[in-house]
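Observations on chain architecture
Spelled out from the first residue to the last, the chains are:
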Amino acid sequence: MTKNKDPLNIIITGVGGQGNVLLSQFVGKALVREGYHATIGETYGASQRGGAVMSHLRVSRDTQYGPLIAQGQADIVLGLEPLETMRVLSQYGNSEVVVITNSRPIFPVAVTTGEGVYPSPEQIQSTLEALSSKCWVVDATEIALEMGAPILANIIMMGALVGAGLLPIGAAAFEAELRDSFAGERLETNLAAFRRGMSLTAS
């Protein structure tokens, strides 16, 4: 679908503490490993646990683009939290954008104090489908919990991104990055999480 577009504009979003920045760095390093230019722009709230976090990742075979994606120009939105995915999609989406989001909500303070209402899973799914050309909602956090570590959710989401075939590179570059970052049992666990994520979106 979008893997041959240049530049390829990817937004990774979530809330502080979900590993958003680490995930964007993994994706960027894997692309650079394969000879692509990858520019990452981290936006507001990155250091605030529970606050909105968004990484812009611009990918090109030929040139280094500026770090920020203009509104309405995202090609892929990868969301670690569904409400943040909806929010980013409303600003940066377009009729061709492709979305992959984790299904597990993290309730904002307004919801936990009773001042706000979080959308139902059905509302989220229908909204994401209406605002995109293709949408996957994956149970990354539930799978990570089954595997024994909720932090694996971002590696599962990275696998889902690769499994969907949206990037110009394949799994080998990502697995090489994981091998450079982890060793022993941690490596095997992360590789298993990555491959499980790939299976969620592979056609």
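Residues numbered from 1 in each chain as written. Predicted model: local features only at pLDDT ≥ 70, side-chain atom pairs only at ≥ 80, totals over all residues. Heavy atoms only, no water.

**What about the overall build of the protein?**
Looking only at helices and strands, one finds eight helices and six strands in the protein. Counted from the first residue to the last, the protein has its helices and strands arranged as β-α-β-β-β-α-β-α-α-β-α-α-α-α. Since a compact globule built from 203 residues should have a radius of gyration of about 17 Å, the 16 Å found for the protein is in line with a globular shape. Taking the principal axes of the C-alpha coordinates as reference, the protein spans close to 50 × 40 × 35 Å. Positive and negative charge centroids in the protein, built from 14 and 19 side chains respectively, lie 5 Å apart. (Helix = DSSP H or I, 4+ residues; strand = E, 2+ residues; numbered from the N terminus. Rg over C-alpha atoms; globule rule 2.2 N^0.38 Å. Lys, Arg positive; Asp, Glu negative; His and termini not counted. Charge placed at Lys NZ, Arg CZ, Asp CG, Glu CD.)

**A word on the packing of aromatic side chains**
A full pass over the atoms with the stated rule returns three aromatic pairs. Taking the centre distance of 5.1 Å and the plane angle of 85° together, the rings of Phe107 and Tyr118 count as edge-to-face. Pair noted here: Phe107 is in the loop between strand 5 (98–102) and helix 3 (109–112) and Tyr118 is in the loop between helix 3 and helix 4 (121–130), with a separation of 11 residues, a long-range link. Since its relative accessible area comes to 11%, Tyr118 is described here as buried. (Phe/Tyr/Trp six-rings, centres within 6.5 Å; stacked < 30°, edge-to-face > 60°. Buried < 20%, exposed > 50% of the residue type's maximum accessible area, 1.4 Å probe, protein only.)

**What to know about the nonpolar core**
Among the nonpolar cores identified, the biggest contains 43 residues, and Val27, Ile100, Met158, Phe174 and Leu178 are the most heavily contacted of them. Sort the elements by how many residues they give to this core and helix 6 (residues 153–163) lands first, with eight residues. Beyond its immediate chain neighbours, meaning those up to four positions away, Val27 contacts Ile12, Leu57, Met158, Leu161 and Phe174. (Core = buried A, V, L, I, M, F, W, Y, C linked by side-chain atoms within 4.5 Å. Contact = heavy atoms within 4.5 Å.)

**Quick look at the environment of Pro150**
Relative to the elements of secondary structure, Pro150 occurs in the loop between helix 5 (140–147) and helix 6. On the accessibility criterion, Pro150 (49% relative accessible area) is partly exposed. Note: C-alpha distance between Pro150 and Gly116 (34 residues apart in sequence) is 26 Å. Not counting residues up to four positions away in its chain, the partners in contact with Pro150 are Ala144 and Leu145.

**Looking at the packing of helix 1 (residues 20–33) against helix 7 (residues 171–181)**
Helix 7 packs onto helix 1 with a crossing angle of 115° between their chain directions and a minimal axis gap of 9 Å. Relative to helix 7, the crossing made by helix 1 is right-handed. For the pair formed by helix 1 and helix 7, the contact residues are Phe26, Val27, Lys29, Ala30 and Arg33 on the first element and Ala173, Phe174, Ala176, Glu177, Leu178, Asp180 and Ser181 on the second. For the contact of helix 1 with helix 7, the class distribution of residues is seven nonpolar, one polar and four charged. (Axes fitted to C-alpha atoms, helices over the stretch in contact; angles between N-to-C directions. Left-handed = near helix turned anticlockwise from the far one by under 90°. Nonpolar A, V, L, I, M, F, W, Y, C, P; charged D, E, K, R; others polar.)

**Things to note about the sheet that holds strand 3 (residues 52–60)**
On the basis of which strands lie adjacent, the open sheet formed by six strands has the order 2-3-1-4-5-6 and mixed pairing. Each edge of the open sheet is held by one strand with a lone partner, namely strand 2 (37–43) and strand 6 (134–138). Strand-to-strand twist in this sheet, taken as the mean axis angle between neighbours without regard to direction, amounts to 15°. Direction of pairing for strand 2 relative to strand 3: antiparallel, over a ladder of seven bridges. Bridge pairing links Thr43 to Met54 in strand 3. Together, strand 1 (8–15), strand 3, strand 4 (76–79) and strand 5 form the strand contacts of helix 2 (residues 82–92), whose direction differs from that of strand 1 by roughly 145°. Packing against the sheet, helix 6 makes contact with strand 4, strand 5 and strand 6, and its axis sits at approximately 155° to strand 5. (Pairing = 2+ DSSP bridges.)

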